[in-house]
Each structure stands twice: as C-alpha cells, then as structure tokens.
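Residue-level structure breakdown
Okay, here's what each chain looks like letter by letter:
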Amino acid sequence: MKYYGTGSYTTTTTTTTPSSPTNTKMTFLGREASKLWKRICSEVTTELSLLADNWKWLLAGLIGQYIHGVAAHGVHYLHRPAPMLQDLGFMLLPELGKERAYMSETVFTFIFISFVLWTFHPFVMKSKKIYTVLLWCRVLAFLVACQTLRVITFYSTQLPGPNYHCHVGSKIARLPPPDSIFEVVIPNFSRGVLYGCGDLIFSSHMIFSLVFVLSYQKYGTKRFIKQCSWVIVIIQSLLIIASRKHYTVDVVVAWYTVNLVVFFLDKKLPELPDRTSGNSPLLLPVSTKDKDSRTTKEENLKLLNGTNGDPAADWRQRTQVNGKILEDGNAEKMKTGLCPCTFGSVVLQSSVKTDQLGCQSV
C-alpha cells in the first residue's frame, strides 16, 4: 500500500507464479549432475595418486596376463587330437551341442563385465568401500598366481581336447608349425579363447570367475548379490561341462586350487583400507603448510611439558595451583600470586630463593 499525499491510497499486490514441475526437475538434475561431477573429479585425483605409487604392480599383472595368453596359444602346437576321455560329468549332464555352446560364454561375459563395473563404482557412488587401483592390484596378483599353476599343469600333460573343434578331423585341431617367432609371441587372443586346444587343466574361465566372486565376497556390501554370484558360478561350472569345453576334472581342480591360492595370498598381501570407517590412513600427500603447522604444535607441546614429547618420560605429578607438589619424596611449598617475574598465577618450581621483588628465582 502506498500513500501519494492527495488523500488516496494505492494498493499493490504481487502474485508469485509457481514453478512448473519441468523446471523443478531440471533444477534437481542440474544440482545432482554437479555433485556427481565433483565426486568423479575427487575420485580421479585420489586414484591417480594411488596409480602413481602402484603402477608397477598393475603393469606386472598385465604382463602376466599376456604371458598366460602366449602360453595357452603355444600349447596348441603340441595338441594331438584323440578320442575323448571317459568323464563322469559328460555322463550326467546332457550335451548342449554347437548351437547352444554360447551359453557358458554368455554367463562368463556377464560375470566379467559386472565385476569390472563394480570395481569402478567409487567414481560415481556416494557410499564406497574400496579403492579401484588397490583392488585391481590384489585381483591381478590372485590371477597371476593361479595362471602360473595352470600353465605348469597343462604343459606337463596334454590331454585330447573335448571341444568340437579339437576332435579328430577338425582343421584347427592341430596348428601347423609357426613360420616365425612372431606368430607365437603375438597370437590372436580372441581366436585362442574361442578355438584353443590343449590348455585344459585347469579352466581359465573358472579362475576369473572364482577370483571375482571371492573378491566381491570380501569387499562387496550387498548380501543378496553375494549369494546370487555363487549360484551363477555354479551354473557356469555346469554349463562349461555341458558344452564340452572342459573335462569335469578341469572344473573341479579350479574350484579348490583358486580358493586355496586366494586364501593363502590374502594373508600375505597388505589389507585394503576400509573407506566406510574413518580410520583409513591418508592416501594423498599432506601439504607442506599442514606439516609445518603440526610440527610447530608438537614443538610447543614439548616446551610446555619440559620433556622430549614421550608421554612415558613425563613422570611429574600434576596438582592444583594452591596445592603441593611431591617430588622425590620431599614436600615443597609453593607461592602463588602476581609479580613481575611470573605469568599470571603460574609459578616456576626450583630451589626457593627470593629476590628483591619477592619472587622466586631459578
């Protein structure tokens, strides 16, 4: 309401137009996108710092994967097709056939992609328990150890492959001698995974699946997913046998070998810091300013206590200002008060001598 001096009043009303649901939704999405971007940038900074300290272990793990691939390709040159061995799993499980042999690969692909995506969830999720770089260092260590045992095993004895392309009469059951060393050290890994022969004991698919499931069993947070993952691995084991990609012994040996390797290595490797608790150590370097400030505080504390900073060495008894101090079994009286040589009511204790100002001197 406004008064203009002529005896009349003018009333002004203001109406607020409510924001539309679309604008509200866009505002919410923009705010959440900004939070997500900040979370990603913060996590990238942390993981890069960890990568700078642990890149050697990751590189060693990747080199181990390459060597395992070359070894699996090399044993194909030694493979000799022959009739399949008698197998209990082949007797109990119906054969899937070539048309449905993709089922085991589909399940394995699902396990592999799911685990990889989960290891990168700290970049986008607010609640996080692991560091991606440290977890992959651990996973690669498990894989390399299991694959080393696998290479030693399938080079020791070459069994006739049960898969369809490894039977007698198949064109790719035996590989011709390589023309150069480059054919051996630079193999076609995708072709070797699908059409390899001779690398049987024990199953590489089971190594990856069990290592991934065991890692999630320890560091995952969803109980339902843990239970489902074990069910999926059991289904994959049956599908591998039913599709005739491995003998039953290959799968059985993988089950107890991988579990034992992970069990013993897990005790030897350093434990991952738990991000859900506030007790995890600082992983990023502390700034010089913080270091200097902390050092200055520690030095001031030492000067105040009169010790070298060791709490056990500071054995002096603390009493009130107007009380008595027992030191070496002798009682000494204290004088308190304000004087030119004291700070407030704090008194310096020593042999009692009084100067002209009436203050104790040391």
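This one's a predicted model, so the numbers in the text were calculated from it and none came from an experiment.

1. Details of the overall build of the chain
Secondary structure assignment for the chain yields ten helices and four strands. For the chain, the succession of helices and strands along the chain, N to C, is β-β-α-α-α-α-α-α-α-α-α-α-β-β. Put simply, 75% of the contacts in the chain that link residues at least 6 apart link residues at least 24 apart. When the accessible surface of the chain is split by element, carbon and sulfur atoms take 64% of a total near 24000 Å².

2. A closer look at the state of the cysteines
Taken as a whole, this structure holds one disulfide when the rule is applied. Note that C166 is cross-linked by a disulfide to C197, the S-S spacing being 1.9 Å. Across the S-S bond of C166 and C197 the torsion is about -95°, and the bridge reads as left-handed. Of this pair, C166 sits in the loop between α4 (132-156) and α5 (182-185) while C197 sits in the loop between α6 (189-195) and α7 (204-219), and the two are 31 residues apart along the sequence. Taken as a pair, C166 and C197 share a single burial class, namely buried.

3. Some thoughts on the pattern of salt bridges
Per the counting criterion, the structure on display carries eight salt bridges. By sharing partners, the salt bridges in this structure join R138, K218, D266 and E271 into a single network.

4. Some details on the confidence of the model for the chain
For the chain, the average pLDDT comes to 79, and 70% of its residues sit at 70 or higher. Below pLDDT 50 for its whole length, residues 323-362 participates in 43 contacts with residues either more than four positions away or in separate chains.

5. Observations regarding the packing of helix α3 (residues 102-119) against α4
One can describe the packing of α3 onto α4 by two numbers: an axis separation of 10 Å at closest approach and a directional angle of 140°. Classified by the angle their axes make, α3 and α4 are oblique. Seen from α3, the contacting residues are F115, V116, W118 and T119; seen from α4, they are T132, L135, W136 and V139. When grouped by side-chain class, the residues that make up the contact of α3 with α4 number six nonpolar, two polar and no charged.

6. Quick notes on the nonpolar core
Core analysis: the largest hydrophobic core is formed by 47 residues, its most contacted members being V139, V211, F212 and V258. Looking at this core, the elements that each hand over two or more residues are α1 (21-76), α3, α4, α7, α8 (223-242) and α9 (248-268). Non-local contacts of V258, meaning those with residues more than four positions away in its chain, are made with C146, F202, I207, L210, V211 and L214.

7. Describing unusual backbone geometry
What you tend to see is this: most non-glycine residues have negative phi, and most peptide bonds are trans. Of note, the bond from I201 into F202 is cis; its omega dihedral lies within 30 degrees of zero at -5°. Inspection of the secondary structure assignment puts F202 in the loop between α6 and α7. Phi is positive for R244, close to 60°, though the residue is something other than glycine. Positionally, R244 belongs in the loop between α8 and α9.

8. Considerations on a nonpolar patch on the surface
A cluster of nonpolar side chains, namely V44, L48, L51, W55, L59, I63, Y66, I67, I181, F182, I186 and F189, defines an oily patch on the protein surface of about 1200 Å² accessible area. For F182, the position within the fold is in helix α5.

9. As for the packing of α7 against α8
Interhelical geometry of α7 versus α8 gives an angle of 170° and a closest axis separation of 10 Å. The angle between the axes of α7 and α8 places the two elements in the roughly antiparallel class. Across the interface between the two elements, H205, M206, S209, L210, V213, L214, Y216 and Q217 from α7 touch I225, K226, S229, W230, V233, Q236, S237 and I240 from α8. Looking at the contact of α7 with α8 residue by residue, the classes come out as nine nonpolar, six polar and one charged.

10. Describing the packing of aromatic side chains
Inspection of every chain in the model, using the stated rule, returns 15 aromatic pairs. Both rings, one in F108 and one in F112, keep their centres 6.1 Å apart while their planes meet at 45°; by these two values the pair is tilted. Here F108 and its partner F112 are both found in helix α3, four residues apart, which amounts to about one turn of the helix. Judged by relative accessible area, which is 33%, F112 ranks as partly exposed. Taken together, F108, F112, F115, W118, W136, F208, F212 and Y216 form an aromatic cluster joined through their ring pairs.

About the cut-offs
- Just so you know, the residues in each chain are numbered from 1, in the order the chain's sequence is written.
- At least 70 in pLDDT is required for a residue's local features to be given in this predicted model, at least 80 for side-chain atom pairs to be given and counted, and no such filter applies to totals for whole chains, interfaces and linings, which use all residues.
- To get the side-chain values, all heavy atoms of the structure are used, and hydrogens and water are removed first.
- For helices the rule is a DSSP run of H or I covering at least 4 residues; for strands it is a run of E covering at least 2, with both sets numbered from the N terminus onward.
- Only heavy atoms matter for contacts: two residues are in contact if any of them lie within 4.5 Å across the pair.
- Here, Shrake-Rupley sampling with a 1.4 Å probe gives the accessible areas, and only protein chains in the shown set may cover a residue.
- Only a pair of cysteine sulfur atoms within 2.5 Å counts as a disulfide in this structure description.
- Only protein chains enter the accessibility calculation, which uses a 1.4 Å probe; a residue is then buried when its area is under 20% of its type maximum, exposed when over 50%, and partly exposed in between.
- What counts as a salt bridge is simple: a side-chain nitrogen of Lys or Arg found within 4 Å of a carboxyl oxygen of Asp or Glu.
- Confidence of the predictor at the level of single residues is captured by pLDDT, which takes values from 0 to 100.
- Fitting a line to C-alpha atoms yields each axis, with helices limited to the stretch in contact; the angle taken between N-to-C directions then spans 0 to 180 degrees.
- The cut-offs work like this: below 35 degrees is roughly parallel, past 145 is roughly antiparallel, 65 to 115 is roughly perpendicular, and the gaps in between are oblique.
- Ten residues, namely Ala, Val, Leu, Ile, Met, Phe, Trp, Tyr, Cys and Pro, are considered nonpolar, four, namely Asp, Glu, Lys and Arg, are considered charged, and the remaining ones, Gly among them, are considered polar.
- To qualify as a nonpolar core, a set must consist of buried Ala, Val, Leu, Ile, Met, Phe, Trp, Tyr and Cys residues joined through side-chain atoms within 4.5 Å.
- Put simply, a patch holds well-exposed residues, over 30% relative accessible area, that have no salt bridge, with like charges counted together within 9 Å and Val, Leu, Ile, Met, Phe, Trp or Tyr side chains within 5 Å.
- Aromatic rings from Phe, Tyr and Trp, with only the six-membered ring used for Trp, were paired whenever their centres fell within 6.5 Å, and each pair was classed as stacked if the ring planes differed by under 30 degrees, edge-to-face if by over 60, and tilted otherwise.

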